[in-house]
Structure formats: structure tokens, C-alpha cells
Amino acid sequence: MEYVEHVTDLVGNTPLVQLNTLSAELETPVLAKVEYLNPGGSVKDRIALRMIEAAEASGELRPGGTIVEPTSGNTGVGLAMVAQRKGYRCVFVCPDKVSEDKRNVLEAYGAEVVVCPTAVPPEHPDSYYSVSDRLAEQDGYWKPNQYDNQSNPESHYHSTGPEIWEQTQGRITHFVAGIGTGGTISGVGRYLKEVSGGQVRIVGADPEGSVYSGGKGRPYLVEGVGEDFWPNTYDREICDEIVSVTDANSFLMTRELARQEALLVGGSCGMAVAAALSVAERADPDDVVVVLLPDGGRGYLTKVFNDSWMASYGFLSPDHTGGSVGDVL
Ligand code: PMP
């Protein structure tokens with residue numbers, strides 16, 4: 001019989017898929033690392049597994065304990081899956097900009113969800129960071145803190161990075177990913193730089209207004225990426241370049257990924273692909289660009305994939321039903 005003992009045994013080893021239509025005019029191949037094929041539906045399954053196992057090993061997380069974390073959903077799903085297997089309770093704290101669909105998913109896995117306002121600074125007592133800190137002070141609670149926990153970048157250094165290197169047989173020349181906690185780009189980037197002797201160029205994609213691309217944290221709508229502070233999980237030495245992308249371009253590209261590549265993915269994927277295509281335009285034909293797509297699109301059906309929602313922010317004209325980048329740019 002061929003089976004795994006638990007669904008969490010399937011985390012990682014995601015495929016690379018060529019973007020054919022969107023890069024049709026380009027000579028450089030653009031390959032997407034499709035992370036929604038992880039069992040919890042996102043790249044965050046990887047960090048959940050490593051953070052929990054490291055906390056068990058260090059004694060910070062004890063049997064019967066509660067995991068509390070501020071999360072925009074994906075990290076929560078990963079933690080909830082691993083927690084279920086190991087018998088921990090989960091409480092997640094989300095900003096109110098996170099779609100209701102995503103919160104419902106967390107509750108479906110058996111987690112409790114607390115919702116906090118987005119439009120307050122991180123140090124405000126109602127911010128989702130402050131609320132989760134207060135909860136974490138209780139006895140038996142452990143906060144993974146994906147913004148500070150070095151198991152986050154380490155999981156990518158030990159899994160995502162080596163997978164990409166092997167899958168491209170060492171031919172990758174550019175790696176492009178969005179930056180939220182910075183764990184993905186720092187871990188993958190460090191591995192690829194080490195293994196290639198500094199030959200792989202690491203490009204961060206960032207929402208316009210976020211600190212990584214020189215902004216002050218001005219609100220943007222794309223979820224899971226960009227910050228208004230500098231997390232410890234982001235290694236400032238790794239990125240060779242940061243490309244900032246507007247909400248409009250991120251979301252229009254996300255719709256194109258579904259329509260033209262049959263990849264139903266989240267808004268931060270459109271952002272990363274917009275940056276990756278701009279990198280590929282400037283690259284040589286022998287180069288190989290890999291872009292990481294963090295999650296799937298089902299959690300965004302009422303937003304990015306909804307014409308009225310898009311039009312309400314001016315990303316589409318009200319009579320627009322298709323969604324092509326050229327219509328708005
Ligand atoms: N996209 C989405 C949808 C995410 O949830 C995250 C994680 N916050 C990212 C991108 C960014 O990944 P990282 O935290 O590793 O920088």
C-alpha cells in the first residue's frame with residue numbers, strides 16, 4: 001500500500017510550472033514554484049512544521065499547550081494542521097482586512113480566531129501584534145512569532161531553496177518572491193547564493209508603499225506581503241533588488257494567471273509575477289527566472305476575482321468584465 005501517515009507528511013516538494021502565455025514574448029523562461037499545492041494550500045505549511053518542531057525540541061511548547069499567533073491566514077492553516085496532529089489548541093489573531101473566507105478556513109480546522117483593526121500602528125493596544133502578545137503571556141501559551149522566529153527562514157533554507165536548485169539542475173539565475181516576514185526570500189536567497197557562489201540574483205517584490213521598497217507602510221490591499229516595520233526574519237543582505245508593484249498591477253496580473261495559465265492563485269502571486277516578468281524582460285535568453293507563488297486563489301474570490309470589488313477601487317472600469325493588464329495601465 002502507498003500512503004502517508006498524516007497529511008502534514010506531504011508538505012514541500014512542490015512543482016515548478018512554466019509560465020507560457022504570460023512570458024510568450026520573452027526569450028528567458030519564467031518558472032513558477034507553485035506553493036498552493038502544499039496540503040494546507042500555501043508556502044506557510046513549511047514554516048509551521050519547522051517552528052512547531054523546534055519549539056517542542058526546546059521545551060517552549062509542551063504537551064497540551066496553546067499556539068497563539070498573529071496571522072493573515074496561511075500561517076494559521078499550517079499551524080492548525082500540525083497542531084491537530086500533535087494535539088495542541090490554536091488561537092489566531094487576524095487584521096480586519098483579511099477576507100472572511102480565510103478566517104472561516106481557520107475555524108474549519110478547529111482554531112479560534114480574534115479579529116483586530118488594520119488601521120492602527122503595531123504598538124497600538126488593539127493592533128493584532130499587541131493583542132496576540134497579551135494572549136501569549138498566559139501560562140501554557142506559545143507564540144511562534146513568524147516575524148522573529150529563525151525557524152521561518154531556516155525552513156526555506158533547508159527545503160524550498162534546495163528544491164529549486166535541484167529542480168532547475170543549478171541553472172536558476174534569478175529568484176523572485178514577495179516579502180512579508182521576509183522568511184521566504186531570506187532563506188531561499190541565502191541557500192541559492194551559497195550553493196551558486198553568489199551567481200543567483202535575488203529580487204524581492206513589494207507592494208508600493210511598504211518599507212522594503214522605501215515606503216513608510218502606507219496601506220495597500222494586497223495581502224500577506226509588505227510591512228510597516230523591519231522584521232528580524234528579513235535579512236537585509238540578501239536581496240540584490242526590490243521591485244515595487246501597485247495594487248492594480250498585482251491584482252490584474254493575478255487574474256491573468258487564472259485566465260491564461262490556469263493558475264488560480266492569490267494577489268501576492270500576481271505581484272511576484274509582475275516583478276518576475278520585468279526581471280525576465282531584462283535577462284539573457286540563457287537565464288532562468290524562478291518566481292514563488294505563495295498561495296491559491298480560492299480565498300480571494302470575493303475580492304481580486306470579483307469585478308465589482310475591483311471596480312470599487314478603480315482597478316477596473318465599472319463595465320469591465322474581462323480583466324486584462326493592458327486595459328488599465
Ligand atoms: N504571500 C502571502 C499570501 C503570504 O501569506 C505571505 C506570508 N506573510 C507572503 C506572500 C510572504 O512570505 P514571507 O512571509 O515568507 O515573506
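For the structure itself, consult the block above.
Summary of the structure given here. Small disclaimer: the values here were computed from a predicted structure and weren't measured. (Residues numbered from 1 in each chain as written. Predicted model: local features only at pLDDT ≥ 70, side-chain atom pairs only at ≥ 80, totals over all residues.)

### Some words on the nonpolar core
Inference 1: Among the nonpolar cores identified, the biggest contains 58 residues, and Val-176, Ala-272, Val-273, Ala-276, Val-289 and Val-291 are the most heavily contacted of them.
Inference 2: No other element matches the ten residues that helix 8 (residues 267-282) contributes to this core.
Inference 3: Core analysis: the second largest hydrophobic core is formed by 28 residues, Leu-49, Ile-52, Cys-90 and Phe-92 among them. (Core = buried A, V, L, I, M, F, W, Y, C linked by C-beta atoms within 7 Å. Buried ≥ 20, exposed ≤ 12 C-beta atoms within 10 Å, placed from the backbone. Helix = DSSP H or I, 4+ residues; strand = E, 2+ residues; numbered from the N terminus.)

### Some details on the sheet that holds strand 4 (residues 89-95)
Inference 1: Reading across from one edge, 5-4-3-6 is the order of the four strands in this open sheet, with parallel pairing throughout. With one partner strand each, in any of the chains shown, strand 5 (112-116) and strand 6 (141-142) form the two edges of the open sheet.
Inference 2: Alignment of strand 3 (residues 66-70) against strand 4, held across five bridges, turns out to be parallel. Residue pairing in the sheet places Thr-66 in a bridge with Arg-89 of strand 4.
Inference 3: This element, helix 2 (residues 74-86), spans strand 3 and strand 4 of the sheet and lies at about 170° to strand 3.
Inference 4: Lying over the sheet, helix 4 (residues 128-136) contacts strand 3, strand 4, strand 5 and strand 6, oriented at roughly 165° with respect to strand 3. (Pairing = 2+ DSSP bridges. Contact = placed C-beta atoms within 7 Å. Axes fitted to C-alpha atoms, helices over the stretch in contact; angles between N-to-C directions.)

### Notes on the pairing of strand 5
Inference 1: Alignment of strand 4 against strand 5, held across five bridges, turns out to be parallel. When the bridges of strand 5 are listed, Pro-95 appears paired with Cys-116.
Inference 2: This β-α-β element, strand 4 to helix 3 (residues 100-108) to strand 5, shows right-handed connectivity. (Right-handed = clockwise from strand over helix to strand, strands pointing away.)

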